[in-house]
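A structural walkthrough
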Amino acid sequence: MDNDIQGEAEVARHISIDISRRKAFSMVAKLGLGGAAWAGGLGTSLAAEANGLPKKGYKFVFVNHVTSNEFFTPTIYGIQDACAFFGCSYQWTGSQTSVVSEMVNAMQTAIAGKADGIAVCLIDATAFDAPTAKAIAAGIPVVAYNADVPAKSPNKRLCYVGQPLYQSGYNIATRWLKLVPKGGHVMLSIPSPGTLNLQPRLDGYIQAIKDAGNPVTYDVVNSSTEQPTEISRIESYYLSHKDVAGLFGTGGGDTYACGFVSAKYGLAKKGVIVAGYDLYPQTLGYIHTGDMTFTTDQQPYLQGFVPLLQMYLYKLSGGAVAPADTNTSLAYVTKDNVELYLGKSRFEGSTSAEPT
Amino acid sequence: MARMTATSHGAPRKVGLREADTALERVLVLLSRYREASIAVVALVLVVYFQLGNGAFLSSQELSVVLRDTGRYGMIAVAEVMLMITGEIDLSVGSTFSLAPYIMVLLSISFGAPLAISAPTGILVGVMVGVINGIITVRFRVPSLITTVGTFFLLQGVVVSIYNSQPIVAPVQEPFNEIFGENLFGPADPIWSWHGLTAFTPFLWTVLAVLVMQVVLNRTTFGLHTIATGSNIIGAREIGVRTDRIKVYNFMIAGGLAAAAGIVNTTQFASADPLAGGPFLTLQAIAAAVIGGTSLLGGSGTVIGALLGAFVVATLNNGLVMMGAQATVSDIYLGAAIVLAMILNVQVDRMRARRRV
């Protein structure tokens, strides 16, 4: 019996909610304060009858690997909006340059400071196991967001909110493999090889190539993390491999760089497939002008809003509302739907103004 | 070159430089005349290697990429050379590189200032950063390594907080953009044309900075005092050189040049990115200065060597990609190549020294 309950709890914990942000907001709007139900993965109308969740002064710590990266600006807005909703406060900390020890230290500090919850980007397969276990033992919920440990990891984080990285790489590659001519040669780029938030995407790309019927050949370029270097390396690659049939980034910066090179040499317009991740304003511009085939929105706003919501509910319910895995990435941005993204939006980070 | 003189035994003895006996020695004699020659040899070896490995390296489009990179690293490397000669270093240049164009773009967007006015303002901000670095270093006796690590983080924090880490799309105002970095060189354009020239503008601005600093360093009292400050600070003070002031001026030059490099970069991409500079850029520029022949201990340095060093770094950066170095191993090649270039440079330099009797 106990085993059954445990099994059900495991199932509930690992339920994957594939949900787009817009759908999520319309759902929340329909249900009033249906966030509770949404987090539980149930979506019943019971929550609509509630009088409203109390504002609590919980303090949540978000440990990030690139604290000043523009990608996470909407994430911070998501955290701020959820904090305003539930009366909580937050601290945004970690490392600027993916230094794992700095992030582990930030977790230790949060545990020592008796934070009410920790959301962390698990960019290393093992380094976060000990501080996560320590936090859980101290009654502090730990939620992974944006980057997660591998499937069979002993890490005790309660759930993962973000893109299933390997799967997203696999799905995106499957999408562009249909467009690349049979047997073509493509370039895959990665800004920092080996990091857990990027490497699985690349691994997904490569696995999809191996699984596909299309015998594509590829090179993997280390683009670096600095914008001018990313552009010059990808441009150098193109100039020395003019037969390239596709340029594919795994991060926001190198995806933008692929677009830049494509625009300069008119590559996409000549039939080269150019795709990648994230919604840098310039990337969206290249989609709009037809210099990039598509990019992927992994919905960074939800990566802030949902972990905070889940930690709040976990604390409020005394652990009865278990955080659930949430897949935030289903949206591809193409020339057909790019208009939706081009305006100023707090959800995309291009303005801090709240929507009216 | 060698003179003959009589010894007590009656046999003639050579003094001065030994005569070149073999072809190799004759080459070494030639190399020994110029301090920058050793790094020029390294650069040449790399160009030949990459051209043989991939025929596209010497194409005009690829040269444009490599020389634009050289321009970026070179401008900052030159800034470091002047400071390193005085025995100081500036690690905050990466942040100044990001901050100055941010200020420029914000002034233009928020107040409608033309880029021709907001760009000098951005450079002025870089110069002010130099003043702050200099004063903290010489007045408060904080080692410049620490001062500028501090200001590196401080300015990086300022840049990312100004606009919530978002890149700003920069205004394009011609002819400012074409003159200062925008690349109009398309695959179909002839190289000898205005569009062809714009392919190299960041590099040409850096060459201009190098020429100016070369004259300043070797032909002016300020240059002499800069070298004196780094080679013997007590002696320099005793003969009346205001060493503190010389150091502050060189910090200001470093800040100004880093800001100018950042502005050229932003003009090139029409985008101010808060993370355009960074520790990677700073380290590569310092590597360029050192492999170009500037001593980390102060007292000697060469701006032309720094430009050649920047070319070596840029060549490695892009040449390795052209050779198909896979992502996971490319940094191994880059690191090893920088160390090998340095070893070769030092060895040629030692041979040069040994040739003196």
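Residues numbered from 1 in each chain as written. Chains lettered and ligands numbered in written order. Predicted model: local features only at pLDDT ≥ 70, side-chain atom pairs only at ≥ 80, totals over all residues.

**Here we look at the overall build of chain B**
Note the cut-off: Strands are runs of DSSP state E lasting at least two residues, helices are runs of H or I lasting at least four, and both sets are numbered from the N terminus onward. To get the radius of gyration, use the C-alpha atoms; to get the globule rule, take the number of residues to the power 0.38 and multiply by 2.2 Å. The exposure label follows from counting other C-beta atoms within 10 Å of a residue's C-beta, where the C-beta atoms are placed from the backbone and the thresholds are 20 or more for buried and 12 or fewer for exposed, leaving partly exposed in between. A pair of residues counts as a contact when their C-beta atoms, built from backbone coordinates, are separated by no more than 7 Å.
If you tally the helices and strands in chain B, you get 15 helices and four strands. On C-alpha atoms alone, chain B measures out to a radius of gyration of 22 Å, which is about the 21 Å that the 2.2 N^0.38 rule sets for 357 residues. Structurally, chain B occupies a C-alpha span of about 85 × 55 × 40 Å along its principal axes. Buried positions account for 50% of the 357 residues belonging to chain B. Summarising the internal contacts of chain B: among those between residues at least 6 apart in sequence, 73% fall at separations of at least 24.

**As for the interface of chain A and chain B**
Contacts between the two partners involve 29 residues from chain A and, on the opposite side, 35 residues from chain B. Of all the secondary structure elements, the ones that give two or more residues to the side of chain A that touches chain B are β8 (217-222), α9 (227-240) and α11 (281-289) of chain A. Counting residues per element, the side of chain A that touches chain B draws most heavily on α9 of chain A, which supplies ten residues.

**Looking at the domain arrangement of chain A**
Residue and element names in this part refer to chain A. Threshold: By convention here, the domain bounds are inherited from an automatic or database domain assignment. Nonpolar residues are Ala, Val, Leu, Ile, Met, Phe, Trp, Tyr, Cys and Pro. Charged residues are Asp, Glu, Lys and Arg, and all others, Gly as well, are polar.
According to the domain assignment, chain A contains domain 1 (54-162 + 300-324) and domain 2 (166-297). With ten residues of domain 1 at the contact, the number on the domain 2 side is six residues. Here the residues of the side of domain 1 that touches domain 2 sort into six nonpolar, three polar and one charged.

**As for the environment of glycine 94 of chain B**
All names here are of chain B. Along the chain, the position of glycine 94 falls in helix α4 (residues 93-111). Under the C-beta neighbour-count criterion, glycine 94 is labelled buried, with 28 such atoms within 10 Å. Distance from glycine 94 to proline 143, taken between C-alpha atoms, is 18 Å for residues 49 residues apart in sequence. Leaving out residues up to four positions away in the same chain, glycine 94 has contacts with Phe152, Gly277, Gly278, Pro279, Leu281 and Thr282.

**Considering helix α12 (residues 300-316) of chain A**
Given 3.6 residues per helical turn, the α-helix brings residues three or four places apart onto the same face. Residues and elements named next belong to chain A. Put simply, the test is: Expected helix span is computed as 1.5 Å times (number of residues minus one).
The end-to-end C-alpha distance of α12 is 25 Å, a good match for the 24 Å that 17 residues give at a rise of 1.5 Å each. When you tally the buried positions in α12, you get 16 out of 17 residues, the bulk of the element. Phi turns positive, to about 65 degrees, at glycine 318, one or two residues after α12.

**Concerning the pairing of strand β11 (residues 294-297) of chain A**
Residues and elements named next belong to chain A. Basically, it comes down to this: In short, DSSP must find at least two bridges between two strands for them to pair. We call a crossover right-handed when, viewed with the strands running away from us, the connection from the first strand over the helix to the second turns clockwise.
A two-sided burial pattern is seen for β11, the buried positions comprising Phe294 and Thr296 on one face and Thr295 and Asp297 on the other. Across three bridges, the pairing between strand β10 (residues 273-277) and β11 is parallel. Looking at β11, one finds that alanine 275 is bridged to phenylalanine 294. Regarding topology, α11 serves as the crossover connection from β10 to the parallel β11, and that connection is right-handed. Where β11 lies against strand β13 (residues 331-333), three bridges are found, and the strand directions are antiparallel. If you follow threonine 296 over to β13, its bridge partner there is tyrosine 332.

**Some thoughts on the sheet that holds β10 of chain A**
Sheets are built from strands that pair by backbone hydrogen bonding, the pairs being arranged parallel or antiparallel. All names here are of chain A. The following threshold applies: Between N-to-C directions, angles span 0 to 180 degrees; the directions come from axes that are lines fitted to C-alpha atoms, helices contributing only their stretch in contact.
Spatially, six strands are ordered β8-β7-β9-β10-β11-β13 in an open sheet, and the strand pairing comes out mixed. Strand pairing shows two members of the sheet lacking a second neighbour, β8 and β13, which therefore form its edges. Averaged over all pairs of adjacent strands, the angle between their axes in this sheet comes to 20 degrees, without regard to strand direction. As judged from the three bridges shared by strand β9 (residues 244-248) and β10, these two strands associate in the parallel manner. Bridged to phenylalanine 248 within β10 is alanine 275. On the sheet, α9 packs against β7 (185-190), β8 and β9 and is oriented at approximately 150 degrees with respect to β8.

**Some words on helix α8 (residues 199-211) of chain A**
Between the first and last C-alpha of α8 of chain A there are 18 Å, a value that for 13 residues agrees with the 18 Å anticipated at 1.5 Å per step. As for α8 of chain A, its buried residues are in contact with α7 (165-177), β7, β8 and β9 of chain A.

**Focus on the nonpolar core**
Filter applied, for reference: To form a nonpolar core, buried Ala, Val, Leu, Ile, Met, Phe, Trp, Tyr and Cys residues must be joined through C-beta atoms within 7 Å.
Ranked by internal contacts, the top residues of the largest apolar core, which has 139 residues, are Ile76, Ala77, Val78, Ala79, Leu257, Ala288 and Val312 of chain B. Setting aside its immediate chain neighbours within four residues, leucine 257 of chain B contacts Met75, Ile76, Val78, Ala79 and Ala209 of chain B.

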